[in-house]
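Residues per chain are reported as follows:
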Amino acid sequence: MNPMQDFVRIVGAVCVAGLLASACSGISDPSNNTTEDFPGTVGPLAGPGRVHVFESKQGEYTAKIIALSPTATTVLAVFLGQDAGDGNCTRIIGQAGLATLNSTGLSGTIQKGHYCIQVYDPASELGSAPLTADQTYTLRVSHP
């Protein structure tokens, strides 16, 4: 046995193990998230509006309205879905919420995959008073 060959084999094995471990990463740290802004408009009693699509790794996500006009006090509904690639957004059960300006409307943990998010008038589901005018918004999604 040659001690130098043994050393080279051990170092090589450690390097391969390190590469494999980094390729199989788990949940991403939220401080490393990507932030994407999605503009759109939603009207009174309109169903889910424009489909905003993003690709994510496994980890924590948040979605919040960062711009809203003409009525900054308006409450909007938001849901997360799976993007099928055909322009449709299939809602994920339990991933819907209400958002006001600068408040988090949705948050949670997601797996690696293709996602979509939509904003809409909450009156279309909750039976509350509908929006009184079209609302232009910017939705910020932070995801791994």
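Residues numbered from 1 in each chain as written. Predicted model: local features only at pLDDT ≥ 70, side-chain atom pairs only at ≥ 80, totals over all residues. Heavy atoms only, no water.

Undergrad: Explain the confidence of the model for the chain to me, please; I cannot follow it from the model alone.
TA: Overall, the predicted model of the chain reaches an average pLDDT of 81, with 79% of residues at or above 70. Counted against residues more than four places away or in other chains, residues 3-25, with its pLDDT under 50, gives one contact. (pLDDT = per-residue confidence, 0-100. Contact = heavy atoms within 4.5 Å.)

Undergrad: I keep staring at the packing of aromatic side chains and nothing clicks. Help me out?
TA: Between two aromatic rings, the relevant description is the distance of the centres plus the angle of the planes. Tallied over the entire structure, the rule returns two aromatic pairs. Arranged with centres 5.9 Å apart and planes meeting at 25°, the rings of Phe54 and Tyr115 form a pair that is stacked. Here Tyr115 lies in strand β7 (residues 113-120) and Phe54 lies in strand β2 (residues 52-56), a separation of 61 residues in the sequence. No difference in accessibility class separates Phe54 from Tyr115, as the two residues are buried. Of note, Arg91 hangs over the ring of Phe79, and the distance from its end group to the ring centre comes to 4.3 Å. (Phe/Tyr/Trp six-rings, centres within 6.5 Å; stacked < 30°, edge-to-face > 60°. Helix = DSSP H or I, 4+ residues; strand = E, 2+ residues; numbered from the N terminus. Buried < 20%, exposed > 50% of the residue type's maximum accessible area, 1.4 Å probe, protein only. Lys NZ or Arg CZ within 6 Å of the ring centre and 35° of its normal.)

Undergrad: Teacher, can you tell me more about a nonpolar patch on the surface here?
TA: Residues Val75, Leu98 and Leu126 make up a contiguous nonpolar surface patch of roughly 260 Å² in combined accessible area. Along the polypeptide, Val75 turns up in the loop between β3 (59-69) and β4 (76-83). We classify Val75 as partly exposed; its relative accessible area is 34%. (Patch = residues over 30% accessible without salt bridge, like charges linked within 9 Å, V, L, I, M, F, W, Y side chains within 5 Å. Areas by Shrake-Rupley, 256 points an atom, 1.4 Å probe, with all protein chains shown as cover. Salt bridge = Lys/Arg side-chain N within 4 Å of Asp/Glu carboxyl O.)

Undergrad: Explain the environment of Leu80 here, please?
TA: Note on placement: Leu80 falls in strand β4. Given a relative accessible area of 0%, Leu80 falls into the buried group. Along the backbone, Leu80 and Ile117 are 37 residues apart, and their C-alpha atoms lie at a distance of 4.5 Å. Other than its neighbours up to four places away in sequence, Leu80 contacts Phe54, Tyr61, Arg91, Ile92, Gln95, Leu106, Ile110, Tyr115, Cys116 and Ile117.

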